[in-house]
Amino acid sequence: MLKVIVTRLMAAVPVIIGASFFVFAMMSLMPGDVADMLLDEVTASPEQKEALREQLGLNKPFPIRYVKFLSGAVRGDLGRSFVSNRPVLEEVMEQLPRTIELAVAGMTVAIALGMTLGILSAIRQNSWIDTVSMAVAMVGVSMPIFWLGLLLILVFAVNLRWFPALGQGSPRSLVLPAVTLGTLPAASIARLVRSSMLEVLRQEYMVTARAKGLREQTVIVRHALKNALIPTITIVGLQLGSLLSGAVLTETIFARQGLGQLTVSAIVRKDFPLVQACILVTSIFYVLANLLVDISYAWFDPRIRYE
Amino acid sequence: MKHLGLLFSLIVIASLLAACATPTPEVVKEVVKETVIVEGTPQVVEKVVTATPEPKGGKIVVAIGAEPDMLYPQRGSSSWAGLINATLYDTLVYIGPDGNFQPGLAESWEYADDAMTYTFHLRKDVKFHDGTPFNAEAVRFSFERVMDPEARAWAAYAYMEAEKLDSVEVLDEYTVRVNYKEPFAPFMTAITTMWLAPVSPPAVEKWGEDFGRNPVGTGPFKFVEWVSGSHVTVERNPDYKWAPPFIENKGPAYLEQITFRFITDNQTRLAALETGEADIIESVPAPEVPRFWSDPGYQILKHIPAGNGMILQINHDKWPGSMMEVRQAMNYAVNQVAINNILYTGLYDPAYGPVSPTTPCYWKGVEDLYPHDLDKAKQILADAGFKDTDGDGIVEMDGKPLAIDFYWNAGLTGWTQLAEAVQAQMRQAGIDLVLYGLERDAYFSAVHDAKQGMNFMWYERDDPDILRILFHSKGAVEGGFNRAYYRNAEVDVYLDKGAQTGDLEQRCESYYKAQEQIMKDAAIVPVNNRVVFWGAKSSLKDLVMPKQVPFYHDAYIEK
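Since this is a predicted model, take the numbers as computed values, not measurements. (Residues numbered from 1 in each chain as written. Chains lettered and ligands numbered in written order. Predicted model: local features only at pLDDT ≥ 70, side-chain atom pairs only at ≥ 80, totals over all residues. Heavy atoms only, no water.)

## Comments concerning the overall build of chain A
For chain A, the count of helices and strands is 13 helices and 0 strands. For chain A, the α and β elements follow one another from N to C terminus as α-α-α-α-α-α-α-α-α-α-α-α-α. For the C-alpha atoms alone, the extent of chain A along its principal axes is close to 85 × 60 × 30 Å. Across the 307 residues in chain A, those meeting the buried criterion constitute 49%. At a minimum sequence separation of 6, the contacts of chain A that also span at least 24 residues come to 71%. Where the 27 positive side-chain charges of chain A centre and where its 21 negative ones centre are 10 Å apart. (Helix = DSSP H or I, 4+ residues; strand = E, 2+ residues; numbered from the N terminus. Buried < 20%, exposed > 50% of the residue type's maximum accessible area, 1.4 Å probe, protein only. Contact = heavy atoms within 4.5 Å. Lys, Arg positive; Asp, Glu negative; His and termini not counted. Charge placed at Lys NZ, Arg CZ, Asp CG, Glu CD.)

## Describing the overall build of chain B
From N to C terminus, chain B includes 17 helices and 25 strands. Along the longest, intermediate and shortest principal axes, the C-alpha atoms of chain B span 105 × 60 × 45 Å. Out of the 559 residues belonging to chain B, those deemed buried represent 58%. Taking the contacts inside chain B whose residues are at least 6 apart along the sequence as the reference set, 69% of them involve residues at least 24 apart. A total accessible area of about 22400 Å² is found for chain B, and carbon and sulfur atoms account for 52% of it. Across chain B, 50 positive and 77 negative side-chain charges occur, with their mean positions spaced 3 Å apart. (Areas by Shrake-Rupley, 256 points an atom, 1.4 Å probe, with all protein chains shown as cover.)

## Notes on the packing of aromatic side chains
All chains considered together, the criterion is met by 36 aromatic pairs over all chains. With a centroid separation of 5.9 Å and an interplanar angle of 75°, the aromatic rings of F21(A) and F62(A) are classed as edge-to-face. Taken together, the residues F21(A) in helix α1 (residues 2-29) and F62(A) in helix α4 (residues 62-74) connect sequence positions 41 residues apart. Looking at F21(A), the relative accessible area reads 40%, which means it is partly exposed. For F62(A), a relative accessible area of 26% translates into the label partly exposed. One aromatic cluster in this structure is built from Y111(B), Y118(B), F120(B), Y180(B), F184(B) and F187(B). Sitting above the plane of the W319(B) ring, K400(B) keeps its charged end 4.2 Å from the centroid. Stacked on the ring of Y159(B), the Lys or Arg R461(B) has its end atom at 4.1 Å from the ring centre. (Phe/Tyr/Trp six-rings, centres within 6.5 Å; stacked < 30°, edge-to-face > 60°. Lys NZ or Arg CZ within 6 Å of the ring centre and 35° of its normal.)

## Re the pattern of salt bridges
Residues and elements named next belong to chain B. Taken as a whole and assessed by the stated rule, the structure comprises 26 salt bridges over all chains. With its nearest N and O atoms 2.8 Å apart, the salt bridge here joins D463 to R507. In this pair, D463 sits in the loop between β21 (454-460) and α15 (466-471) while R507 sits in helix α17 (residues 504-520), placing the two residues 44 residues apart along the sequence. When the shortest N-O distance is used, the salt bridge between E516 and K520 registers 2.7 Å. With E516 and K520 both in helix α17, this residue pair falls 4 residues apart, about one helical turn. Looking at E516, the relative accessible area reads 27%, which means it is partly exposed. Of the residues examined, K520 reaches a relative accessible area of 40% and is grouped as partly exposed. Overlapping salt bridges, with partners in common, bring together E161, K164, D465 and R468 in one network. (Salt bridge = Lys/Arg side-chain N within 4 Å of Asp/Glu carboxyl O.)

## Examining the packing of α1(A) against α4(A)
All names here are of chain A. Running from amino to carboxyl end, α1 crosses α4 at an angle of 140°, the nearest separation of the two axes being 11 Å. One way to sum up the angle between α1 and α4 is to call them oblique. Two packed elements cross with a definite hand, and for α1 against α4 that hand is right-handed. Between α1 and α4, the contacting residues are I17, S20, F21, F24, A25 and S28 on the first element and F62, R65, Y66 and F69 on the second. (Axes fitted to C-alpha atoms, helices over the stretch in contact; angles between N-to-C directions. Parallel < 35°, antiparallel > 145°, perpendicular 65-115°, else oblique. Left-handed = near helix turned anticlockwise from the far one by under 90°.)

## Quick look at the sheet that holds strand β7 (residues 117-122) of chain B
Residue and element names in this part refer to chain B. Here 4 strands make up an open sheet; going across it, the order is β6-β7-β9-β8 and the pairing antiparallel. This sheet does not close on itself; its edge strands, each paired only once, are β6 (106-111) and β8 (165-172). In this sheet, adjacent strand axes meet at a mean angle of 15° when their direction is disregarded. Summarising the sheet, β6 and β7 pair through 5 bridges and their orientation is antiparallel. Residue Y111 lies in a different strand from β7, and its bridge partner there is Y118. (Pairing = 2+ DSSP bridges.)

## Focus: the pairing of strand β20 (residues 432-438) of chain B
Pairing of strand β19 (residues 403-409) of chain B with β20(B) involves 7 bridges; the strand directions are parallel. Bridging from a neighbouring strand, W408(B) pairs with G437(B) of β20(B).

## Thoughts on the side chain of H316(B)
Residues and elements named next belong to chain B. Mapping H316 onto the fold places it in the loop between β15 (307-314) and α9 (324-333). A distance of 2.8 Å separates the side chain of H316 from the backbone oxygen of I314, its partner in a polar contact. Discounting chain neighbours no more than four positions away, the residues touching H316 are G321, S322, R327, A484, Y485, Y486 and A523. (Polar contact = N/O pair within 3.5 Å; in protein donor to acceptor, adjacent residues only side chain to side chain.)

## Considerations on the interface of chain A and chain B
Counting residues at the interface gives 45 residues for chain A and 45 residues for chain B. Across the chain A-chain B interface, the total number found is 1 salt bridge. With a closest N to O distance of 3.7 Å, R80(A) and D210(B) form a salt bridge. Taken together, chain A and chain B are joined by 11 residue pairs in polar contact (both at pLDDT 80 or more). Elements supplying a minimum of two residues to the side of chain A that touches chain B: α2 (34-38), α3 (46-55), α5 (88-123), α7 (145-159), α11 (248-253) and α12 (259-268) of chain A. Considering only residue class, the side of chain A that touches chain B consists of 23 nonpolar, 11 polar and 11 charged. (Nonpolar A, V, L, I, M, F, W, Y, C, P; charged D, E, K, R; others polar.)

## Section: the state of the cysteines
All names here are of chain B. In total, this model carries 1 disulfide over all chains according to the counting rule given. Through a disulfide, C361 is tied to C508; the S-S separation comes to 2.1 Å. Looking along the S-S bond of the C361-C508 disulfide, the torsion reads about -75°, which is the left-handed sense. One end of the pair, C361, is in the loop between β16 (349-350) and α11 (366-369); the other, C508, is in helix α17, with 147 residues separating them in the sequence. (Disulfide = S-S within 2.5 Å.)

## What to know about the packing of α9(B) against helix α12 (residues 374-384) of chain B
All names here are of chain B. Between α9 and α12, the shortest axis-to-axis distance is 7 Å and the interhelical angle comes to 165°. Considering their axes alone, α9 and α12 lie roughly antiparallel with respect to each other. Once α9 is placed against α12, the crossing between them reads as left-handed. Residues E325, V326, Q328, A329, Y332 and A333 of α9 lie in contact with α12, whose contacting residues are L374, K376, A377, I380, L381 and A384. Partitioning the contact of α9 with α12 into residue classes produces 9 nonpolar, 1 polar and 2 charged.

Spatial relationships are all this shows, so hold off on functional conclusions.
Laid out in structure tokens, this is it:
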């Protein structure tokens, strides 16, 4: 098991380096000039803009800038933000607690809701429960997050006053953002769990389990569900990675801190060092999420244990 | 009769208590009549008691539309930095609600007509939040730092056109003189902006690059914390002993604390005001204003910023915008009042000239130059040789349709609607506007390469010198702001003169002529002047808003 983890981590390094290079290249190719952007609201002269470009090292050719970035990164210095002038690593780290909080809360909602709907539909296939659950799942997958978030604010915050409109500051303020964020993954999970369960329920060992006289609940949970979860875990892992790095719409609507809104605003402001730092952290999250998925496979399915 | 004695004692004691009240906050005496049954007798007496109600105070949440870049006023160029800086810093001079210069940290000032030398006599009773005395040396330090490329003080540098600055002299402890190499009249306006607010020299030395996250000024509030992506908190400065003339409270602020919360989404910001999570919010969209206006639980504060509102710059270097007839026809075809009524429920201000009515030296004559007249527009085009030969509603000349490439930054809320409204109006005169609503970076790229046939321009500034930045031929270069590429030597002379004359009346003479000529040349098509709306709870009293930012010196929450 340990060997698996170490191998995976080592394989992650080229992935992360590759991602950072790709992003660096993309940012350099994007239209728009950093100096124009930073000095947008001020009537700065062309000379001043040129001076800013010099100062930020933007006039140097691409390979030199990239090497400079890498050599700094290896020493732990990812540079300072063009906009706020703070060390970018500090800026990213500040956003992590709230990001993780929302991702975990969102995932909890997604798993709870998704699994419940999926299991129910599968064991009561073609009944009204099945139809309704799948309809709910379809609506969930189709609903734009922005619209859902604003709708929840309107109904539950402004009209009913059950929860605050702003998604940060107390445990209650986490509810609406978590529901907003968790709805889409919940829908995917529901459909996936349902189809995996249906497949598993047709297997011969299910007949055996029932023949052995086990309670239906044990049959479902210990035998069916455990096997059905393997494809689900893959999806959950990927979704977790994406929730950790990009819940920008939810964060914007609920005025929450988070890595998503930081990344987007850095890209929009062409704050190269900050974008690099955000992408670096995002890549690490995805790698960890994938690692978690692989380990869970091994835990769930004894057949998938590497030597 | 003995009750009279009791009554008298009560009044005396109450008065003494009121007189000995702590410097903060102000205690307002109220006289209350109580009906009391006197003990032991069947008498009912009316007793007059002086009651001391709760002192003014409160903690408020201000919801703003974006996070500032930094709180170092000379550099932080975003308008949101300005909002917060208004609580942390003071300026030497203020523009009051009446539009005139009023004393701030400078009690008085002089400058000659040559607009090259400015002398300020500073207040002697002010300290920075870290205890450093405020004096001429601090002003010299703050201004000279603008010249230091390390400080990257872009905003201040641009506003005071620091390349023209010669020196800042300390004449004595509380007198400072600013010397320019050439006349620069807009300096007086520059000094009223947050960009030239004095900062504490020891604090800048101490924090260096990080001063922007640890601001130290002289303002009525002190910095407490900045949580990235969430909020900035400031608290009352107990040592604040004065205020500009338009503020009543000449002492520490009543509010204990202000939290500036960043809420980018308009709808969420409005929701926060409705749920009470915010006490005051900025940028209430015009269509939402009426329901808050008519609700007694809320108040709306409004202001028309100076400078230019939404105007259309027509590129003079590209056909057909290069033809004066086309531009004049556009001015007759546009219907500013209709746009205001349909898009902004009549709440914005139709614009007829290059600057808004609140700009000093605004020339009222622009309002009569181009009344909305569709027939006249069509006539002008016909006389110039345009005819609709193929019946598609758009006129042509020599087979070329009258089409102008209209570029704008589609990332800004509401501009696309405005562009489409203008397009519809122009079509009625036979003019085709080809719409290019681009994402911000792509827009700036296109404009940099002068691809546009026309574009929106919107630049707020408190000084009519904005006309020079937008219409002087020197600005008609790559990276300049004269994106209409308008070049009129006569107007150049007026604009230069306006920037170089100290006397305001004489400056206005130049600017009136400039505005007249710019509009006669139909260099631009004005559409509307933006109106800034802030929404707040009615319980937040005594907000003062001389310009587009509220001041909180007098404010308090009424219970």
